[in-house]
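Letter by letter, the chains look like this.
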Amino acid sequence: MAASVLQRCLIPVQTFSKCVSHRSIVRRCLLSAAYTDSTLWDQRQKDPQNIAQLASLMDRTYERKFPVSSLTMARFIDNISSREEVDQAEYYLYKFRHSPNCWYLRDWTIHSWIRHCLKYGARDKALYILKNKIQFGMFPDEFTFNLLIDSFIKDEDFRGACSVVEEVMLQESFEKITTQILCLYALSRYLNTKPELSWQEERNIGASLLLAGLKQENSVGFSARLLGCALIGKVELSRGIHSVFHQMPLIWTSGYLGRALIVMETVCSDITDVKLSKEVLDQMEKVLEDLSTSHQDSSDSESDDEVLFDEQDEEEREKLPQYINRFKELRKQLEVQDKLEKRSLESLTSILSQQTLSCCEESDISEYATRLHHWETERHQLIQRETDTRRNAQREKEMRQTAGAAL
(Lines give C-alpha, C1' and ligand atoms only; values in the text may rest on other atoms or scores of the structure.)
Protein backbone atom coordinates (compact mmCIF):
# COMPACT_ATOMS: atom_id res chain seq x y z
CA MET A 1 0.00 0.00 0.00
CA ALA A 2 2.78 2.41 0.96
CA ALA A 3 4.65 1.54 -2.22
CA SER A 4 1.53 2.21 -4.29
CA VAL A 5 1.03 5.61 -2.67
CA LEU A 6 4.70 6.50 -3.17
CA GLN A 7 4.51 5.51 -6.82
CA ARG A 8 1.45 7.72 -7.37
CA CYS A 9 3.26 10.62 -5.72
CA LEU A 10 6.33 10.18 -7.87
CA ILE A 11 4.47 10.13 -11.20
CA PRO A 12 3.96 13.94 -11.34
CA VAL A 13 7.59 14.48 -10.34
CA GLN A 14 8.80 12.15 -13.08
CA THR A 15 6.56 13.82 -15.64
CA PHE A 16 7.77 17.26 -14.58
CA SER A 17 11.42 16.11 -14.80
CA LYS A 18 10.86 14.85 -18.32
CA CYS A 19 9.32 18.16 -19.35
CA VAL A 20 12.16 20.14 -17.79
CA SER A 21 14.72 17.87 -19.43
CA HIS A 22 13.03 18.27 -22.82
CA ARG A 23 12.90 22.06 -22.53
CA SER A 24 16.54 22.26 -21.50
CA ILE A 25 17.53 20.11 -24.47
CA VAL A 26 15.66 22.44 -26.81
CA ARG A 27 17.39 25.48 -25.32
CA ARG A 28 20.83 23.89 -25.58
CA CYS A 29 20.21 23.04 -29.21
CA LEU A 30 20.08 26.76 -30.02
CA LEU A 31 22.52 29.62 -29.77
CA SER A 32 22.90 31.12 -26.32
CA ALA A 33 21.71 34.57 -25.30
CA ALA A 34 25.34 35.71 -25.18
CA TYR A 35 25.79 34.76 -28.84
CA THR A 36 22.71 36.58 -30.08
CA ASP A 37 23.10 39.55 -27.73
CA SER A 38 23.41 42.83 -29.64
CA THR A 39 25.21 44.75 -26.88
CA LEU A 40 28.61 44.69 -28.61
CA TRP A 41 27.01 45.87 -31.82
CA ASP A 42 25.00 48.61 -30.11
CA GLN A 43 28.07 49.93 -28.30
CA ARG A 44 29.65 51.07 -31.55
CA GLN A 45 30.20 54.78 -31.97
CA LYS A 46 26.99 56.14 -33.47
CA ASP A 47 26.78 58.32 -36.57
CA PRO A 48 23.21 59.71 -36.34
CA GLN A 49 21.77 60.75 -39.69
CA ASN A 50 18.40 61.84 -41.04
CA ILE A 51 17.38 58.90 -43.18
CA ALA A 52 15.06 61.03 -45.33
CA GLN A 53 17.93 63.39 -46.14
CA LEU A 54 20.18 60.44 -46.96
CA ALA A 55 17.52 59.07 -49.31
CA SER A 56 17.21 62.48 -50.99
CA LEU A 57 21.00 62.71 -51.30
CA MET A 58 21.23 59.30 -52.94
CA ASP A 59 18.37 60.12 -55.32
CA ARG A 60 20.08 63.34 -56.45
CA THR A 61 23.41 61.56 -56.80
CA TYR A 62 21.94 58.85 -59.00
CA GLU A 63 20.05 61.45 -61.09
CA ARG A 64 23.36 63.17 -61.82
CA LYS A 65 24.82 59.77 -62.90
CA PHE A 66 27.29 59.75 -60.02
CA PRO A 67 27.96 56.73 -57.77
CA VAL A 68 26.77 56.72 -54.18
CA SER A 69 29.58 55.99 -51.71
CA SER A 70 29.59 52.84 -49.61
CA LEU A 71 29.76 55.07 -46.54
CA THR A 72 26.48 56.77 -47.48
CA MET A 73 24.87 53.36 -47.99
CA ALA A 74 26.21 52.21 -44.62
CA ARG A 75 24.82 55.30 -42.88
CA PHE A 76 21.41 54.72 -44.41
CA ILE A 77 21.27 51.09 -43.21
CA ASP A 78 22.68 51.91 -39.77
CA ASN A 79 19.99 54.55 -39.14
CA ILE A 80 16.99 52.35 -39.95
CA SER A 81 14.44 52.70 -37.16
CA SER A 82 11.26 51.01 -38.42
CA ARG A 83 9.88 48.23 -40.62
CA GLU A 84 8.88 50.83 -43.22
CA GLU A 85 12.49 52.00 -43.48
CA VAL A 86 13.62 48.38 -43.87
CA ASP A 87 11.32 48.12 -46.89
CA GLN A 88 12.58 51.45 -48.22
CA ALA A 89 16.19 50.29 -47.92
CA GLU A 90 15.51 47.44 -50.38
CA TYR A 91 15.29 49.96 -53.23
CA TYR A 92 18.59 51.65 -52.35
CA LEU A 93 20.40 48.33 -51.91
CA TYR A 94 19.25 47.38 -55.40
CA LYS A 95 20.34 50.73 -56.82
CA PHE A 96 23.74 50.45 -55.14
CA ARG A 97 24.24 46.92 -56.48
CA HIS A 98 23.65 48.22 -60.03
CA SER A 99 26.02 51.17 -59.68
CA PRO A 100 29.77 51.48 -60.37
CA ASN A 101 30.41 51.09 -56.63
CA CYS A 102 28.63 47.73 -56.41
CA TRP A 103 31.74 45.87 -55.25
CA TYR A 104 32.18 48.09 -52.20
CA LEU A 105 29.15 47.19 -50.11
CA ARG A 106 30.77 46.84 -46.68
CA ASP A 107 30.58 43.67 -44.61
CA TRP A 108 29.32 45.64 -41.63
CA THR A 109 26.52 47.06 -43.80
CA ILE A 110 25.36 43.53 -44.64
CA HIS A 111 25.53 42.57 -40.96
CA SER A 112 23.66 45.73 -39.98
CA TRP A 113 20.95 45.00 -42.54
CA ILE A 114 20.33 41.49 -41.17
CA ARG A 115 20.25 42.75 -37.58
CA HIS A 116 17.70 45.43 -38.49
CA CYS A 117 15.56 42.86 -40.31
CA LEU A 118 15.55 40.70 -37.18
CA LYS A 119 14.89 43.68 -34.91
CA TYR A 120 11.91 45.02 -36.85
CA GLY A 121 10.22 41.73 -37.77
CA ALA A 122 11.37 41.78 -41.39
CA ARG A 123 12.99 38.35 -41.50
CA ASP A 124 11.07 37.62 -44.69
CA LYS A 125 12.74 40.63 -46.31
CA ALA A 126 16.18 39.40 -45.26
CA LEU A 127 15.46 35.98 -46.76
CA TYR A 128 14.11 37.52 -49.98
CA ILE A 129 17.25 39.60 -50.49
CA LEU A 130 19.48 36.62 -49.68
CA LYS A 131 17.64 34.54 -52.27
CA ASN A 132 18.19 37.36 -54.77
CA LYS A 133 21.75 38.05 -53.67
CA ILE A 134 23.00 38.69 -57.19
CA GLN A 135 20.56 41.60 -57.51
CA PHE A 136 21.31 43.02 -54.05
CA GLY A 137 24.92 42.04 -53.35
CA MET A 138 24.13 40.36 -50.03
CA PHE A 139 26.78 37.79 -49.07
CA PRO A 140 26.80 37.55 -45.23
CA ASP A 141 29.55 36.05 -43.10
CA GLU A 142 28.94 32.92 -41.05
CA PHE A 143 28.24 34.75 -37.78
CA THR A 144 25.50 36.76 -39.51
CA PHE A 145 24.12 33.59 -41.12
CA ASN A 146 24.02 31.95 -37.68
CA LEU A 147 21.92 34.76 -36.21
CA LEU A 148 19.37 34.43 -39.01
CA ILE A 149 19.20 30.62 -38.93
CA ASP A 150 18.86 30.65 -35.14
CA SER A 151 15.98 33.12 -35.37
CA PHE A 152 14.05 30.79 -37.68
CA ILE A 153 14.82 27.74 -35.53
CA LYS A 154 13.62 29.37 -32.33
CA ASP A 155 10.29 30.11 -34.00
CA GLU A 156 10.22 26.51 -35.26
CA ASP A 157 10.14 27.73 -38.84
CA PHE A 158 12.41 24.95 -40.09
CA ARG A 159 11.55 25.49 -43.72
CA GLY A 160 12.68 29.11 -43.45
CA ALA A 161 15.82 27.99 -41.61
CA CYS A 162 16.59 25.53 -44.41
CA SER A 163 16.16 28.30 -46.98
CA VAL A 164 18.96 30.19 -45.22
CA VAL A 165 21.01 26.98 -44.99
CA GLU A 166 20.78 26.65 -48.76
CA GLU A 167 22.35 30.09 -49.10
CA VAL A 168 25.14 29.01 -46.72
CA MET A 169 25.64 25.97 -48.95
CA LEU A 170 25.76 28.04 -52.14
CA GLN A 171 28.41 30.28 -50.55
CA GLU A 172 30.19 27.17 -49.19
CA SER A 173 30.37 28.88 -45.78
CA PHE A 174 30.70 25.84 -43.54
CA GLU A 175 33.97 26.70 -41.82
CA LYS A 176 32.58 27.46 -38.36
CA ILE A 177 31.51 24.48 -36.27
CA THR A 178 28.55 26.49 -34.99
CA THR A 179 27.36 27.00 -38.56
CA GLN A 180 27.77 23.32 -39.39
CA ILE A 181 25.74 22.23 -36.36
CA LEU A 182 23.00 24.84 -36.81
CA CYS A 183 22.61 23.89 -40.47
CA LEU A 184 22.50 20.16 -39.78
CA TYR A 185 20.04 20.75 -36.95
CA ALA A 186 17.74 22.83 -39.17
CA LEU A 187 17.92 20.30 -42.02
CA SER A 188 17.21 17.29 -39.80
CA ARG A 189 14.31 19.02 -38.05
CA TYR A 190 12.79 20.04 -41.38
CA LEU A 191 13.13 16.57 -42.90
CA ASN A 192 11.54 15.12 -39.76
CA THR A 193 8.31 16.93 -40.70
CA LYS A 194 8.13 14.69 -43.81
CA PRO A 195 7.74 17.53 -46.32
CA GLU A 196 6.78 16.98 -49.94
CA LEU A 197 9.95 18.04 -51.74
CA SER A 198 10.37 19.10 -55.34
CA TRP A 199 13.43 17.77 -57.15
CA GLN A 200 15.09 21.18 -56.75
CA GLU A 201 14.53 21.03 -52.99
CA GLU A 202 15.88 17.48 -52.85
CA ARG A 203 19.00 18.61 -54.67
CA ASN A 204 19.51 21.70 -52.50
CA ILE A 205 18.88 19.88 -49.22
CA GLY A 206 21.04 16.98 -50.38
CA ALA A 207 23.91 19.32 -51.24
CA SER A 208 23.55 21.11 -47.90
CA LEU A 209 23.63 17.83 -45.99
CA LEU A 210 26.63 16.61 -47.96
CA LEU A 211 28.77 19.75 -47.66
CA ALA A 212 27.96 20.31 -43.99
CA GLY A 213 28.40 16.60 -43.22
CA LEU A 214 31.84 16.54 -44.80
CA LYS A 215 33.00 18.88 -42.00
CA GLN A 216 31.95 16.49 -39.22
CA GLU A 217 33.93 13.29 -38.63
CA ASN A 218 31.30 11.57 -36.51
CA SER A 219 28.04 9.67 -36.80
CA VAL A 220 26.15 12.87 -37.60
CA GLY A 221 28.58 13.83 -40.35
CA PHE A 222 28.62 10.41 -42.03
CA SER A 223 24.85 9.98 -41.77
CA ALA A 224 24.36 13.45 -43.29
CA ARG A 225 26.78 12.64 -46.13
CA LEU A 226 24.95 9.40 -46.84
CA LEU A 227 21.54 11.04 -46.97
CA GLY A 228 22.89 13.97 -48.97
CA CYS A 229 24.42 11.71 -51.61
CA ALA A 230 21.23 9.64 -51.74
CA LEU A 231 19.04 12.68 -52.40
CA ILE A 232 21.43 14.07 -55.00
CA GLY A 233 21.69 10.61 -56.58
CA LYS A 234 17.92 10.46 -56.84
CA VAL A 235 17.91 13.74 -58.77
CA GLU A 236 20.80 12.54 -60.93
CA LEU A 237 19.05 9.35 -62.04
CA SER A 238 15.67 11.01 -62.54
CA ARG A 239 16.81 14.32 -64.05
CA GLY A 240 20.36 13.82 -65.31
CA ILE A 241 23.70 14.99 -63.95
CA HIS A 242 23.36 18.47 -65.51
CA SER A 243 20.39 19.15 -63.23
CA VAL A 244 22.61 18.29 -60.27
CA PHE A 245 25.58 20.56 -60.80
CA HIS A 246 23.82 23.50 -62.51
CA GLN A 247 24.66 26.56 -60.37
CA MET A 248 25.64 24.27 -57.50
CA PRO A 249 28.98 23.85 -55.69
CA LEU A 250 29.06 20.12 -56.45
CA ILE A 251 31.50 17.89 -58.30
CA TRP A 252 30.66 17.62 -61.97
CA THR A 253 31.21 13.88 -62.11
CA SER A 254 28.30 11.44 -62.16
CA GLY A 255 27.79 8.69 -59.59
CA TYR A 256 26.31 10.20 -56.43
CA LEU A 257 24.58 6.95 -55.45
CA GLY A 258 27.98 5.30 -55.78
CA ARG A 259 29.41 7.92 -53.44
CA ALA A 260 26.66 7.13 -50.92
CA LEU A 261 27.78 3.50 -51.00
CA ILE A 262 31.39 4.61 -50.48
CA VAL A 263 30.25 6.33 -47.27
CA MET A 264 28.78 3.00 -46.11
CA GLU A 265 31.95 1.13 -47.11
CA THR A 266 34.08 3.61 -45.19
CA VAL A 267 32.06 3.13 -42.02
CA CYS A 268 32.22 -0.65 -42.46
CA SER A 269 35.97 -0.84 -42.97
CA ASP A 270 37.87 2.14 -41.60
CA ILE A 271 36.04 3.79 -38.72
CA THR A 272 35.38 2.07 -35.43
CA ASP A 273 33.54 4.74 -33.42
CA VAL A 274 31.11 5.89 -36.11
CA LYS A 275 27.67 4.48 -36.82
CA LEU A 276 25.11 5.24 -39.50
CA SER A 277 21.57 6.18 -38.54
CA LYS A 278 19.11 3.41 -39.32
CA GLU A 279 16.57 6.07 -40.24
CA VAL A 280 18.94 7.46 -42.89
CA LEU A 281 19.57 3.96 -44.28
CA ASP A 282 15.80 3.46 -44.48
CA GLN A 283 15.50 6.70 -46.42
CA MET A 284 18.22 5.65 -48.85
CA GLU A 285 16.52 2.30 -49.28
CA LYS A 286 13.30 4.10 -50.18
CA VAL A 287 15.17 6.27 -52.69
CA LEU A 288 16.54 3.15 -54.37
CA GLU A 289 13.09 1.52 -54.40
CA ASP A 290 11.48 4.63 -55.93
CA LEU A 291 14.17 4.84 -58.59
CA SER A 292 13.82 1.15 -59.37
CA THR A 293 10.06 1.48 -59.79
CA SER A 294 10.32 4.53 -62.05
CA HIS A 295 13.10 2.89 -64.05
CA GLN A 296 11.07 -0.25 -64.68
CA ASP A 297 7.95 1.71 -65.64
CA SER A 298 9.20 4.79 -67.47
CA SER A 299 5.62 5.84 -68.19
CA ASP A 300 5.24 6.74 -64.51
CA SER A 301 8.22 9.10 -64.63
CA GLU A 302 7.39 12.69 -65.54
CA SER A 303 11.08 13.55 -65.85
CA ASP A 304 11.59 11.17 -68.77
CA ASP A 305 9.20 13.33 -70.83
CA GLU A 306 10.91 16.56 -69.82
CA VAL A 307 14.60 15.70 -69.67
CA LEU A 308 16.90 14.42 -72.38
CA PHE A 309 19.48 12.07 -70.86
CA ASP A 310 22.92 11.91 -72.41
CA GLU A 311 25.03 8.79 -72.76
CA GLN A 312 26.69 9.31 -69.38
CA ASP A 313 23.30 9.57 -67.66
CA GLU A 314 22.08 6.37 -69.31
CA GLU A 315 25.19 4.51 -68.17
CA GLU A 316 24.58 5.63 -64.61
CA ARG A 317 20.92 4.58 -64.75
CA GLU A 318 21.97 1.11 -65.89
CA LYS A 319 24.03 0.75 -62.69
CA LEU A 320 20.94 0.99 -60.47
CA PRO A 321 20.53 -2.81 -59.95
CA GLN A 322 24.19 -3.01 -58.90
CA TYR A 323 23.70 -0.14 -56.46
CA ILE A 324 20.67 -1.86 -54.93
CA ASN A 325 22.50 -5.15 -54.45
CA ARG A 326 25.57 -3.46 -53.03
CA PHE A 327 23.42 -1.44 -50.64
CA LYS A 328 21.84 -4.61 -49.27
CA GLU A 329 25.27 -6.21 -48.78
CA LEU A 330 26.67 -3.19 -46.97
CA ARG A 331 23.62 -2.84 -44.76
CA LYS A 332 24.02 -6.44 -43.64
CA GLN A 333 27.69 -5.75 -42.86
CA LEU A 334 26.73 -2.74 -40.78
CA GLU A 335 24.23 -4.85 -38.83
CA VAL A 336 26.79 -7.59 -38.20
CA GLN A 337 29.40 -5.05 -37.06
CA ASP A 338 26.86 -3.28 -34.82
CA LYS A 339 27.29 -0.02 -36.72
CA LEU A 340 23.62 0.81 -37.10
CA GLU A 341 22.56 3.74 -34.93
CA LYS A 342 18.96 3.39 -33.73
CA ARG A 343 18.60 7.11 -33.11
CA SER A 344 17.44 9.37 -35.94
CA LEU A 345 19.59 12.02 -37.60
CA GLU A 346 17.54 14.63 -35.75
CA SER A 347 18.28 13.03 -32.38
CA LEU A 348 21.97 12.63 -33.18
CA THR A 349 22.22 16.26 -34.25
CA SER A 350 20.41 17.44 -31.13
CA ILE A 351 22.85 15.51 -28.94
CA LEU A 352 25.82 16.88 -30.90
CA SER A 353 24.55 20.42 -30.47
CA GLN A 354 24.19 19.89 -26.71
CA GLN A 355 27.74 18.59 -26.45
CA THR A 356 29.48 20.97 -28.85
CA LEU A 357 27.60 24.19 -29.53
CA SER A 358 28.31 25.97 -26.25
CA CYS A 359 32.02 25.15 -26.48
CA CYS A 360 32.29 26.70 -29.93
CA GLU A 361 30.36 29.86 -29.16
CA GLU A 362 33.11 31.50 -27.12
CA SER A 363 35.59 31.56 -30.02
CA ASP A 364 32.89 32.88 -32.37
CA ILE A 365 32.01 35.71 -29.99
CA SER A 366 35.67 36.59 -29.51
CA GLU A 367 36.24 36.61 -33.25
CA TYR A 368 33.14 38.75 -33.72
CA ALA A 369 34.47 41.33 -31.23
CA THR A 370 37.74 41.48 -33.18
CA ARG A 371 35.88 41.86 -36.45
CA LEU A 372 33.80 44.70 -35.00
CA HIS A 373 37.04 46.48 -34.09
CA HIS A 374 38.33 46.09 -37.66
CA TRP A 375 35.03 47.30 -39.06
CA GLU A 376 35.12 50.39 -36.87
CA THR A 377 38.71 51.14 -37.88
CA GLU A 378 37.77 50.83 -41.54
CA ARG A 379 34.70 53.00 -41.06
CA HIS A 380 36.72 55.78 -39.38
CA GLN A 381 39.24 55.63 -42.22
CA LEU A 382 36.43 56.09 -44.74
CA ILE A 383 35.02 59.01 -42.75
CA GLN A 384 38.47 60.62 -42.65
CA ARG A 385 38.91 60.09 -46.38
CA GLU A 386 35.49 61.65 -47.00
CA THR A 387 36.42 64.64 -44.83
CA ASP A 388 39.74 65.11 -46.63
CA THR A 389 38.07 64.88 -50.03
CA ARG A 390 35.51 67.51 -49.11
CA ARG A 391 38.19 69.77 -47.66
CA ASN A 392 40.31 69.48 -50.81
CA ALA A 393 37.28 70.11 -53.02
CA GLN A 394 36.41 73.20 -50.99
CA ARG A 395 40.00 74.44 -51.19
CA GLU A 396 40.09 73.98 -54.97
CA LYS A 397 36.78 75.81 -55.30
CA GLU A 398 38.09 78.74 -53.27
CA MET A 399 41.28 78.83 -55.36
CA ARG A 400 39.26 78.96 -58.57
CA GLN A 401 37.10 81.74 -57.17
CA THR A 402 40.21 83.69 -56.12
CA ALA A 403 41.79 83.21 -59.55
CA GLY A 404 38.59 84.32 -61.26
CA ALA A 405 38.37 87.44 -59.11
CA ALA A 406 42.00 88.31 -59.93
CA LEU A 407 41.25 88.19 -63.64
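Residues numbered from 1 in each chain as written. Predicted model: local features only at pLDDT ≥ 70, side-chain atom pairs only at ≥ 80, totals over all residues. Heavy atoms only, no water.

1. So, the overall build of the protein
The number of helices and strands found in the protein is 21 helices and two strands. Within the protein, the proportion of its 407 residues that are buried is 49%. Taking contacts inside the protein between residues at least 6 apart in sequence as the whole, the part at least 24 apart equals 76%. Within the structure as shown, the protein displays about 21,200 Å² of accessible surface, and the carbon and sulfur contribution to it stands at 51%. (Helix = DSSP H or I, 4+ residues; strand = E, 2+ residues; numbered from the N terminus. Buried < 20%, exposed > 50% of the residue type's maximum accessible area, 1.4 Å probe, protein only. Contact = heavy atoms within 4.5 Å. Areas by Shrake-Rupley, 256 points an atom, 1.4 Å probe, with all protein chains shown as cover.)

2. Notes on the packing of aromatic side chains
What describes a pair of aromatic rings is the distance from one ring centre to the other and the angle between the planes of the rings. Tallied over the full model, the rule gives eight aromatic pairs. Where W41 meets W375, the ring centres are 6.4 Å apart and the plane angle is 90 degrees; that geometry is what we call edge-to-face. Remark: W375 occurs in helix 21 (residues 345–406) and W41 occurs in helix 3 (residues 39–42); sequence separation between them is 334 residues. The burial state of W41 is the same as that of W375; both residues are buried. (Phe/Tyr/Trp six-rings, centres within 6.5 Å; stacked < 30°, edge-to-face > 60°.)

3. Side note on the nonpolar core
Core analysis: the biggest nonpolar cluster contains 112 residues, and F76, W113, L209 and M264 have the highest contact counts within it. In contact with M264, other than residues within four places in its own chain, are L226, L276, L281, M284, F327, L330, R331 and L334. (Core = buried A, V, L, I, M, F, W, Y, C linked by side-chain atoms within 4.5 Å.)

4. Focus: the confidence of the model for the protein
A residue-level look at the protein finds 89% of positions with pLDDT of 70 or above and a mean pLDDT of 88. A low-confidence stretch, residues 1–29 stays under pLDDT 50, and its non-local contacts, those more than four residues away or across chains, total ten contacts. In the predicted structure, residues 299–305 sits below a pLDDT of 50 and forms six contacts with residues beyond four places in sequence or in another chain. (pLDDT = per-residue confidence, 0-100.)

5. Observations regarding the pattern of salt bridges
Scanning the model with the defined rule gives 36 salt bridges in all. For K125, the salt bridge goes to D87, with nearest N and O atoms at 3.8 Å. Placement of K125 in helix 8 (residues 123–131) and of D87 in helix 6 (residues 83–97) is noted, with a sequence separation of 38 residues between them. Here R331 and E335 are joined by a salt bridge, their closest N and O atoms 4.0 Å apart. With R331 and E335 both in helix 20 (residues 320–336) and four residues apart, this pair spans about one turn of that helix. The exposure class assigned to R331 is buried, which follows from its relative accessible area of 10%. Residues participating in the shared-partner salt-bridge network are R83, D87, E90, D124 and K125. (Salt bridge = Lys/Arg side-chain N within 4 Å of Asp/Glu carboxyl O.)

6. Details of the side chain of E236
Looking at the element boundaries, E236 is found in helix 14 (residues 219–239). R259 provides the closest opposite charge to the buried, salt-bridge-free E236, at an N-O distance of 5.4 Å. Each residue touching E236, except ones within four places of it in the same chain, is listed here: I241, V244, S254, G255, Y256, F309 and E316. (Lys, Arg positive; Asp, Glu negative; His and termini not counted.)

7. Let's talk about unusual backbone geometry
Although it is not a glycine, Q247 adopts a positive phi angle of roughly 60 degrees. Here Q247 is to be found in the loop between helix 15 (241–245) and helix 16 (256–269). With phi around 55 degrees, D338 is a residue other than glycine that occupies positive phi space. Assignment of secondary structure puts D338 in the loop between helix 20 and strand 2 (340–341).

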